[in-house]
Every structure is written in structure tokens, then in C-alpha cells.
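A closer look at the structure
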Amino acid sequence: MAAPLFLDGLTVHTQSHDYPIVITENAAANGSMAQQIMPHITGRQVLIVTNDTVAPLYLKALEEELACQYRVEVCTLADGEQYKNQTSINQIYDVLMAQHFNRDVTLIALGGGVVGDMTGFAAASFMRGVNFIQIPTTLLSQVDSSVGGKTGINHAQGKNMIGAFWQPQMVLADMSTLKTLPPRELSAGLAEVIKYALIMDIKFLDWLEINLPAMMALDLAVLGEAVKRCCQYKADIVAQDERESGVRALLNFGHTFGHVIETHEGYGNWLHGEAVAAGMVQAAELSEKIGWLTSEEVARVKRVLVLANLPIAPPSIEVQTALSLMGHDKKVKHGQIRLILLKSLGDAVLTTDFEPSLLTDVLGQHVVKS
Ligand code: NAD
Ligand code: GLY
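So, how was this worked out
Residues numbered from 1 in each chain as written. Chains lettered and ligands numbered in written order. Predicted model: local features only at pLDDT ≥ 70, side-chain atom pairs only at ≥ 80, totals over all residues. Heavy atoms only, no water. Near = heavy atom within 4 Å. Polar contact = N/O pair within 3.5 Å; in protein donor to acceptor, adjacent residues only side chain to side chain. Areas by Shrake-Rupley, 256 points an atom, 1.4 Å probe, with all protein chains shown as cover. Salt bridge = Lys/Arg side-chain N within 4 Å of Asp/Glu carboxyl O. Helix = DSSP H or I, 4+ residues; strand = E, 2+ residues; numbered from the N terminus. Buried < 20%, exposed > 50% of the residue type's maximum accessible area, 1.4 Å probe, protein only. Axes fitted to C-alpha atoms, helices over the stretch in contact; angles between N-to-C directions. Parallel < 35°, antiparallel > 145°, perpendicular 65-115°, else oblique. Contact = heavy atoms within 4.5 Å. Nonpolar A, V, L, I, M, F, W, Y, C, P; charged D, E, K, R; others polar. Core = buried A, V, L, I, M, F, W, Y, C linked by side-chain atoms within 4.5 Å. Right-handed = clockwise from strand over helix to strand, strands pointing away.

Focus on the site of ligand 2
- Near ligand 2 you find Asp144, Lys150, Lys234, Glu244, Arg248, Leu251 and Asn252, and these make up its full shell.
- Lys234 is positioned with one of its side-chain polar atoms (N or O) 2.6 Å from an oxygen atom of ligand 2.
- Contact between ligand 2 and Arg248: an oxygen atom at 2.7 Å from a side-chain N or O atom of the residue.
- Protein contact buries 90% of the 200 Å² of open area that ligand 2 shows by itself.

Encoded structure:
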């Protein structure tokens, strides 16, 4: 049995409750996943929600360990962003109802951001709210989606349009689970890691430029350090603004552009992190057009994304189509598109302070004329 080489963590402070993020390794392999989450399970009923890719990898040990002390059921969803919808949520409700589970149930999300967002939303809405725990198994979910309580599903016309704020009881990030993650998914997670550097901390950008190769080579200690830093950035923001009435919006840097790509190309065709990467470049380019970033700084943004094997240009999307999709963004206020742009590297703002023609220019750059 392999012992964890490191065990680290931090606390997220929110208005509803504080909760721990535990960052470790080998928990899945040595059976300690269950031990670590048990103190955060209050009742005797547990529903593990996972998908058909993650279940064969990590479900058995967790389920068996928990079954010694709890009544455990499993809901295995189809894998994919295209299944992040009401049908999958109904599948979770169906198991909860069929098992006569009640308010004592704890839901456990075992998987990436899609499983985590849906499990959280089911927990937020079942019997008007039950507890849930996040066990994120992708880099993206470890650095971002498992923390901060945004839960939900997609609508055909817009990403993450239906959802709730609902905080987990704990987050357990086992870095060893990244060993089975496809490299393309690891890169998608790196997009959100790079995002924190671009919006909050230029020193972290320096650190990433040195350490990205080690992260891509699956050095778990370096990945663990990055996860801890990102979770701390996010925890600090969530503590100030849990419901996104202000500073939390900055975490959506690149996302308004990215959501256009994801929605237009069909959910699952561009990975969320890939769309965010191309979207961050578009946001940086608009920041340059306004005069906030230099062309060398935009080139630096592109270089770090290329280092992480990420796309730096969107697919061809007609400008009017892109603007219309942007119109569904949750940050639109009084009909005006608000964007997160960079005043400088490491310093982001939510703003309407741009000429619409500059946005149109940026959106038009990659449109292929037929
Ligand atoms: P995902 O959940 O689709 O996981 C990516 C792929 O990796 C899937 O095929 C999954 O089955 C597989 N997988 C997961 N863990 C694995 C492992 N350890 N080994 C092998 N395969 C594994 O995608 P994601 O990138 O984790 O999350 C993206 C989702 O997160 C999007 O829906 C996005 O909107 C959401 N998101 C939410 C927030 C939030 O604050 N709630 C923040 C960012 C992103
Ligand atoms: N991923 C953006 C947020 O949690 O606010």
C-alpha cells in the first residue's frame, strides 16, 4: 500500500459554512479516500455520482470502504459535456427517490467538472438542499470547479445557464488521479491554472513559465503546489464575493469568449479549458486594442498557452452569431456586454469600457469568408 507523499490543504470561508480542501496523493490507491471524507458525512445515506469513464478507475475502492459504514448507492452518468443537462439531473433524482433517500443523504461527486457541477446542482435542489462532497479527478476540477459552490447544467442556447450556488462540505483532490487523465484534458486544466496568473498574480505567471513542463510530465508535487495556489486564489475571492456580485466575476476571464466557442461548436467538441484558452487570447487582444496591454504582453500570453499545448485562436464564427451568443452571458447588464479584460498582466477588470467596434474587430479576426 503506497503511503501519501504529501498531504496539504486550506480552508474555504463562505457565508453558509467553512470547508476544507485536502490535497493529497495515492488516496484512491491506498483506500484512504473514504477515510478522509467520512468525518464530513453526517447521515448514514450516501449517493456516489460518477460517470462511465471514471467509475471503472476509482469507484470500487471508495464504494467498498464507505459501504462498511453507510448505505451506499451509485449513479453512473454518461460521460460528456453534452450530458450536462436536465436528463442527467433527473437520473440522479430518480436514484434518490427510488432509494427513499431523505435529507440525511450526502451526495459525493467522483469525477471532473461535469460530474461535480451536476452533483452539486442535484444536491442543491433535492429536498431543497442536501450535503455534498467533491472528489475532483481532473486538473480543471481540482483548481477551479470543485471550489466555490457554482453548480449547474447547460441549456441548448447557453453554457451553465441553469444552476445554484451550493457549497460542498469538503473537497478531496487526489493528485494521483491525474495519472489516468488524457493529456488533452490535463492541458484543458492548465488553461484555468494560467487564468489565475493572468488575472491575479504575475509572479505566478513567472512560476508557471518555469514549471509547466514538470506539470505536463505529471510531477505530482509540482501539480499539488499549483492546485494549492489556485485553490487559495479562488478561496480568497469566494470569501469576498460568494455570489458573484463583484470581484468573483474576474474568475470568468476568457469565459465569455470561450462560452461562445463551446456553444457554437457543440458541447464537448471544444473542451471547456480549450475554449477558455482561445477566449483568454481574444480578451488579451481586446485589452491590447484598448491600449492596456502591449503586443509583447499578448505574445507572452500566447506563448504560455502554447507551452501548455492549448489553442490560441477560436474557430471561424460569424461576428453577429458570436455577439448574439454573448448576449446570453450572465454578465450582460442592461443589455450591455461586460467583459473581463486585462489592465496589465496579473490585473483584471470587469468593464464595458471598450468601443463596440474593437470587440467586433477581435471577433472578426478568425472568420473565414466563404
Ligand atoms: P469533464 O468533467 O468532462 O472531465 C473531462 C474528461 O476526463 C471526461 O471524459 C471525464 O470522464 C474524464 N476523467 C475525469 N477524471 C478522469 C481521470 N482521473 N482519469 C481519466 N479520465 C478522467 O471536464 P472538466 O474539464 O473536469 O470540467 C469541465 C466542466 O467544468 C465544464 O462543464 C465547465 O463548465 C465546468 N466548470 C465549472 C466551474 C465551477 O465553478 N463550477 C468552473 C470551471 C469549469
Ligand atoms: N469558475 C468561475 C467561478 O467559480 O466563479
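The rest of the description comes next.
So, the pattern of salt bridges
- Counted according to the given criterion, the structure contains 15 salt bridges.
- As a salt-bridge pair, Asp144 and Lys234 come within 2.5 Å of each other at their nearest N and O atoms. Within this pair, whereas Asp144 is found in helix H6 (residues 139-145), its partner Lys234 is found in helix H9 (residues 220-240), the two being separated by 90 residues in sequence.
- For Lys234, a relative accessible area of 5% puts it in the buried group.
- Close ionic contact of Arg300 with Glu209 constitutes a salt bridge, the shortest N to O distance being 2.8 Å. In this pair, Arg300 sits in helix H12 (residues 295-307) while Glu209 sits in helix H8 (residues 202-216), placing the two residues 91 residues apart along the sequence.
- What makes Arg300 buried here is its relative accessible area of 16%.
- Given a relative accessible area of 29%, Glu209 falls into the partly exposed group.

A look at the packing of helix H11 (residues 272-290) against H12
- Their axes nearest at 9 Å, the elements H11 and H12 cross at an angle of 175°. Taken as axis vectors, H11 and H12 run roughly antiparallel relative to one another. Here H11 contributes Ala277, Met280, Val281, Ala284, Glu285 and Glu288 to the contact with H12, which in turn contributes Ser295, Val298, Val301, Lys302 and Leu305.
- Tallied by class, residues from the contact of H11 with H12 come to 7 nonpolar, 1 polar and 3 charged.

Some points on the nonpolar core
- Counting 79 residues, the largest nonpolar core has Ile194 and Met215 as the members making the most contacts within it.
- Here this core gets 11 residues from one element, more than from any other, and that element is H9.
- Residue contacts for Met215: discarding those within four places in its chain leaves Leu186, Leu190, Val193, Trp207, Leu208, Val222, Leu223 and Ala226.
- Core analysis: the second largest hydrophobic core is formed by 24 residues, Ile41, Ile48, Val54 and Leu172 among them.

Observations regarding the site of ligand 1
- Taken together, 28 residues lie near ligand 1, and Asp79, Glu81, Thr138, Lys159 and Thr180 sit nearest.
- Contact between ligand 1 and Glu81: an oxygen atom at 2.7 Å from a side-chain N or O atom of the residue.
- Side-chain polar atom of Asn160 to an oxygen atom of ligand 1: 3.2 Å apart, as the coordinates give it.
- Protein burial of ligand 1: of its 860 Å² of free accessible surface, 91% is covered by the chains.
- Of all elements in the fold, only helix H3 (55-67), helix H5 (113-125), H6, strand E8 (158-165) and helix H7 (183-200) reach the threshold of two or more residues within the shell around ligand 1.
- A breakdown of the residues in the shell around ligand 1 according to their chemical character gives 7 nonpolar, 11 polar and 10 charged.

Notes on the pairing of strand E5 (residues 106-111)
- Counting buried positions over the 6 residues of E5 gives 6, a clear majority of the element.
- For the crossover from E5 across H5 to strand E6 (residues 131-136), the handedness is right-handed.

These results come straight from atomic positions and should not be treated as a statement about function.
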